Every structure is written in structure tokens, then in C-alpha cells.
Amino acid sequence: MRARAALAALLLTACAACGTGPALEDQGEVTAPPGDSSSLTVGSAGFTESDLLAQMYSLLLRRAGYETEITTVANRELYEPALESGRVDVVPEYAATFADWLNAKANGPDAEPVGSPDLATTMKALRRLAASRGLTVLDPGRAVDQNAFAVTREFAAEHDLRTLSDLGASGVPVRLAAGDECVSRPYCRPGLEKTYGIDVTAVDPKGVGTTQAKRAVQSGQDQMVLTTTTDATLDAFGLVLLEDDKKLQNADAVVPVVNRARAGGERVARALDALAPVLTTGDLADLNRQVDSWRRLPEDVARNYLEEKRLLGS
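These lines cover the structure that appears in this document, whether it is placed above or below. Small disclaimer: the values here were computed from a predicted structure and weren't measured.

### Quick notes on the pairing of strand β5 (residues 147–152)
Link 1 in the chain: Of all six residues making up β5, five are buried, and the element is well covered by its neighbours.
Link 2 in the chain: One ladder, built from four bridges, connects β5 with strand β8 (residues 224–228); its direction is antiparallel. Paired with Ala-150 across the bridge in β8 is Val-225.
Link 3 in the chain: The sheet contact formed by β5 and strand β9 (residues 239–242) spans four bridges and is antiparallel.

What follows is the structure, encoded as C-alpha cells:
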């Protein structure tokens, strides 16, 4: 019996090194060298922008010599554990949102947020939290997909508005089309009032960037809508974004996140980092438009963009 118990203990000890991520007692101190698997799985969260980014990552990795496949995992609660375990090797993420998500996972849902309007601060927190789970965060890009506020072109022209500060200084009251949570979220109604002095008379619960919300602003029922910086449909509704000039919103730059044990090598980093200084927020909004409004395939849109930017070679 003692011999069998000793053998079982030995097997359990040996298996502690079988996983792709760090053991619990070693989290935060990942010492294994980064891996470089020849075949990689790129994850998409299933919405247009994530599909486009996954396609671009896949194409760039193929050009660097990797075999790739794309899998769609519809929510972060599923794809993040898959990323840790190595069932998914690469995913496109958003710096501040992913930092706060990992922080809540590590420290509980009431943990103080670590995402910040300052990208460097956000990236430092994100990389620390990711490393403890066997993940590596590559360079953030120029493209940012974060909360944004839009008004009609006529409303902006009438009140001479370019920024949220302009709206606050104008004293013009606005009814805001947004999600229910906007009433209490610090980056929504409370932030607009505290940071910009905007007179938000009410929140009309029509969702974030929904067609219903935009139509409410287009018709004059509401005066401003909560959407995102890469919303591809604003022109169709006659809407324009007001600049977040005091940086109320967190730094949600697009970042590739990889499983360190399978895709943490320099070759993967070089392939994906090539996109970071090229892809802009405006580019991403235009690519979204091509898929959502023009009904083009994400793979075709992604390939054409990379070829246009000469990231797939001549």
C-alpha cells in the first residue's frame, strides 16, 4: 500500500508539469522558455471586428511560416481558459477591458479596476496579470475600440461642437441613448457629468450603439448616443463622434494575446507586431463597414487590407 501511495504521489508530481500554463504555486513566476509551435489556432469572439482581426493574425502568421486555423469562441469566459490551456494560441483583445477582466478573475468581481486611460499604465497591469496565467501580451496597436459618444451633424454644427468639453461648456442639456448600466458606470453618465460638466437629463435605455439608439438620436428623440470608436454605421445615420479630449475612457487599444508555451517566441511576435503601427482606429471602422454594410467576407477584407499595406509581401 505504501509503495502504491508513493508511486501515485510521484505520478502526481510529474503531471504538474504537463499543462501548458504555470502551476498555481508558480503563478507570477513563469520560468519555462517561450514555445514556438508550428501549427497555431487563432481565436475569434464571433463579432465582425474580432473576425477581421483573427483573419489578419492568421494571414500574418501563415506568411511567417505557421500553419493556422481559426476557431470562434463566442465569449471571453470560454476563450480565455482555452487560451490558458493552449487549445487556442492567439486572440485579439482590448487592453483595458482584458486587464480588468483578468483582475476580476484573479481578485474577485469587486476588485479595484486596473484599466486606465493611460495606455502604459494599462499595459503594465495587463502584462503582469497575463504572465501569471502563462499568457504573453504583444505590442498594442494604434487602433482603439472604446466607448464613444455621437451626436447628429446638425446638432454639432448648431452648437459648434467637436469635443465633449465643447458640449459641457455649451450648457446644452442632452438625453442619452445608451445601455441601462450607463446610469451608474463611471465612464458613462457619472463621468460625463463630473469630467465634462455635461447636463445629462436622462438615459434612454436603448443599448450601446444599437440601431434603435441611433435612430432615436437621428430623429431628435435623444441628443447623444453611446457607441464605440470603430462604429462603421455612423455616417448612415448622420452622426459624428465628439472627441473624448479629457480621456474619460480607458485605453482599449487592440492587442494580440498569445499562449506563452505555444506561441510566445520572437517569430510570432515579429509577425503580429507588424500590424500594430499600421492599423488605425479609422482603418478598423472602415473594415467593419466593408463587412457589415457591403456584405464582404472578413477573410477577403482582411487579405486586401494587408496586401494594400504591403504586409503580406509583394
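### As for the packing of helix α12 (residues 281–292) against helix α13 (residues 298–308)
Link 1 in the chain: Where α12 contacts α13, the axes come no closer than 9 Å and their chain directions differ by 145°. Between α12 and α13 lies a crossing whose hand is right-handed. Seen from α12, the contacting residues are Asp-283, Leu-287, Gln-290 and Val-291; seen from α13, they are Pro-298, Val-301 and Tyr-305.
Link 2 in the chain: Taken together, the residues of the contact of α12 with α13 sort by class into five nonpolar, one polar and one charged.

### Quick word on unusual backbone geometry
Link 1 in the chain: Despite not being glycine, Asp-160 has its phi angle at roughly 55°, a positive value.
Link 2 in the chain: Positionally, Asp-160 belongs in the loop between α6 (153–158) and α7 (164–170).
Link 3 in the chain: Since its relative accessible area comes to 63%, Asp-160 is described here as exposed.
Link 4 in the chain: Phi is positive for Arg-310, which is not a glycine, with a value near 60°.
Link 5 in the chain: On the secondary structure map, Arg-310 appears in the segment after α13.

### Brief notes about the pairing of strand β6 (residues 174–178)
Link 1 in the chain: Burial within β6 is extensive, with four of its five residues counted as buried.
Link 2 in the chain: For β6 and strand β7 (residues 200–205), the ladder comprises five bridges, and the chain directions are parallel. Bridging across to β7, Arg-175 finds its partner in Ala-202.
Link 3 in the chain: As a crossover connection, the stretch from β6 through helix α8 (residues 189–196) into β7 is right-handed.
Link 4 in the chain: Pairing of β6 with β8, which is carried by two bridges, proceeds in the parallel orientation. Looking across to β8, one finds that Leu-176 is bridged to Met-224.

Conventions used here
Residues numbered from 1 in each chain as written. Predicted model: local features only at pLDDT ≥ 70, side-chain atom pairs only at ≥ 80, totals over all residues. Heavy atoms only, no water. Buried < 20%, exposed > 50% of the residue type's maximum accessible area, 1.4 Å probe, protein only. Helix = DSSP H or I, 4+ residues; strand = E, 2+ residues; numbered from the N terminus. Pairing = 2+ DSSP bridges. Axes fitted to C-alpha atoms, helices over the stretch in contact; angles between N-to-C directions. Left-handed = near helix turned anticlockwise from the far one by under 90°. Contact = heavy atoms within 4.5 Å. Nonpolar A, V, L, I, M, F, W, Y, C, P; charged D, E, K, R; others polar. Right-handed = clockwise from strand over helix to strand, strands pointing away.

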